[in-house]
Amino acid sequence: MALKRLIQAAMAAFVLAAAMPASAQQVLKVGSTPTGVPFTFLDTKTNSIQGIMVDLITEIGKDAGFKVQIEPMQFSTLIASLTSNKIDIISAAMFVTPARKEVIDFSEPFYSYGEGLLVPKSDSKAYTSQEDLKGEVVGAQVGTAFVDALKKSGLFSEVKAYDTIPDILRDVNAGRLKAGFADYPILAYNLKQGGFPEARIVESYKPTTIGSVGIGVRKGDTELLAKINASLAKLKANGTVAKILDKWGLKAQGV
């Protein structure tokens, strides 16, 4: 009788486990930024972070079997938040660089681009390289690959570090900054919205820091990285990545 009751209890526990709701699915915290449209941005209508990287990690989560909880934070704090376990994933417009790969691991890249050059619209010069701005005061976003490269070049009298790309846009638009360097797609998207009519992107400029965007995880988290890479490859192959990029005005590309 005791054995029979034990078997019945085990079967009851099995049935209960099978009936557990899907809400028990693992939830991972994803660090993303409120500035960086179209990759990430704060949608004031919903008070939530939206954009390419949010759509991408959400679709990856659906395929890989985890839910995502987007955590808004400044770009410069993303890696520290990941390594201190405040978040589990970085999904933002972050380049895969050798220096960053020493601290965290990255997925396979899914998009690549270089820096764009922003100047006041009153400046009509057809700049082609950073040499054309030698000795000037320029700006870039703190924590990005661009600000480090500009400082190391030794070309400029000062490289101002800004917290956000809209801060750079505002200073160039107001004529307070000679030139700003930032992610080309982000600059282009912002200018299309019409909020900075006195600034322009220099189309003749050739970028020097070209990188690929990847999704970041903690160093050594091989299981999560493998899941992300497998799902990313599937989403590239079935056209989901291309649809996400097209939704936000970018074209799919090989990286």
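What you see is a predicted model; the values in this text were computed from it and never measured.

Draft legend 1. Seen up close, the sheet that holds strand S11 (residues 179-183). Taken together, five strands build an open sheet; the order of strands is S10-S9-S11-S8-S12 and the sheet is mixed. With one partner strand each, in any of the chains shown, strand S10 (158-162) and strand S12 (199-201) form the two edges of the open sheet. In this sheet, neighbouring strand axes are inclined to one another by 30° on average, regardless of whether the strands run parallel or antiparallel. Note that strand S8 (residues 115-120) and S12 share three bridges and pair antiparallel. Bridging from a neighbouring strand, Val-119 pairs with Arg-200 of S12. Each of S8, strand S9 (137-141), S10 and S11 is contacted by helix H5 (residues 145-153), which is oriented at about 150° to S9, the strand it contacts most.

Draft legend 2. Representation of the side chain of Ser-91. Positionally, Ser-91 belongs in the loop between strand S5 (89-90) and helix H4 (98-101). At 2.8 Å, the side chain of Ser-91 forms a polar contact with the backbone oxygen of Met-53. Excluding its chain neighbours within four sequence positions, the residues that come into contact with Ser-91 are Val-30, Gly-31, Ser-32, Thr-40, Met-53, Ile-57 and Ile-215.

Draft legend 3. Spotlight on the sheet that holds strand S6 (residues 104-106). The strand order across the open sheet formed by five strands is S4-S1-S5-S14-S6, and the pairing between neighbours is mixed. Strands with a single pairing partner mark the edges of an open sheet, and in this sheet they are strand S4 (67-72) and S6. In the sheet, S6 pairs with strand S14 (residues 216-218) via three bridges, with the strands oriented antiparallel. Directly across from Asp-105, in S14, lies its bridge partner Val-217. Running at roughly 155° to S4, helix H2 (residues 52-64) makes contact with strand S1 (27-32), S4 and S5 of the sheet.

Draft legend 4. Structural view of the pairing of S1. Bridging between S1 and S4 involves six bridges; their strand directions are parallel. Bridge assignment links Ser-32 to a residue of S4, and that residue is Pro-72. Of the strand pairs in this sheet, S1 and S5 are connected by two bridges, and their pairing is parallel. Bridged to Gly-31 within S5 is Ile-90.

Draft legend 5. A look at the nonpolar core. Of all hydrophobic cores here, the largest spans 47 residues; its most connected members are Phe-39, Ile-52, Leu-56, Ile-60, Ile-89 and Phe-110. The contact partners of Phe-39, leaving out residues within four places of it in the chain, are Gln-50, Gly-51, Ile-52, Met-53, Val-54, Ala-93, Tyr-111, Tyr-113, Pro-185, Ile-186 and Leu-250. The next biggest cluster of nonpolar side chains, apart from the first, holds 15 residues, and it includes Val-147, Leu-155, Phe-181 and Tyr-205.

Draft legend 6. Spatial organisation of the packing of aromatic side chains. Counted according to the given criterion, the structure contains nine aromatic pairs. A centroid spacing of 5.0 Å and a plane angle of 55° characterise the contact between Phe-95 and Tyr-113, whose relative ring orientation is tilted. Taken together, the residues Phe-95 in the loop between S5 and H4 and Tyr-113 in strand S7 (residues 111-113) connect sequence positions 18 residues apart. The class for Phe-95 is buried, based on a relative accessible area of 4%. Taken together through their ring pairs, the aromatic side chains of Phe-39, Phe-95, Phe-110, Tyr-111, Tyr-113 and Phe-146 make up a single cluster.

The rules behind these values
- Residues numbered from 1 in each chain as written.
- Predicted model: local features only at pLDDT ≥ 70, side-chain atom pairs only at ≥ 80, totals over all residues.
- Heavy atoms only, no water.
- Pairing = 2+ DSSP bridges.
- Helix = DSSP H or I, 4+ residues; strand = E, 2+ residues; numbered from the N terminus.
- Axes fitted to C-alpha atoms, helices over the stretch in contact; angles between N-to-C directions.
- Contact = heavy atoms within 4.5 Å.
- Polar contact = N/O pair within 3.5 Å; in protein donor to acceptor, adjacent residues only side chain to side chain.
- Core = buried A, V, L, I, M, F, W, Y, C linked by side-chain atoms within 4.5 Å.
- Buried < 20%, exposed > 50% of the residue type's maximum accessible area, 1.4 Å probe, protein only.
- Phe/Tyr/Trp six-rings, centres within 6.5 Å; stacked < 30°, edge-to-face > 60°.

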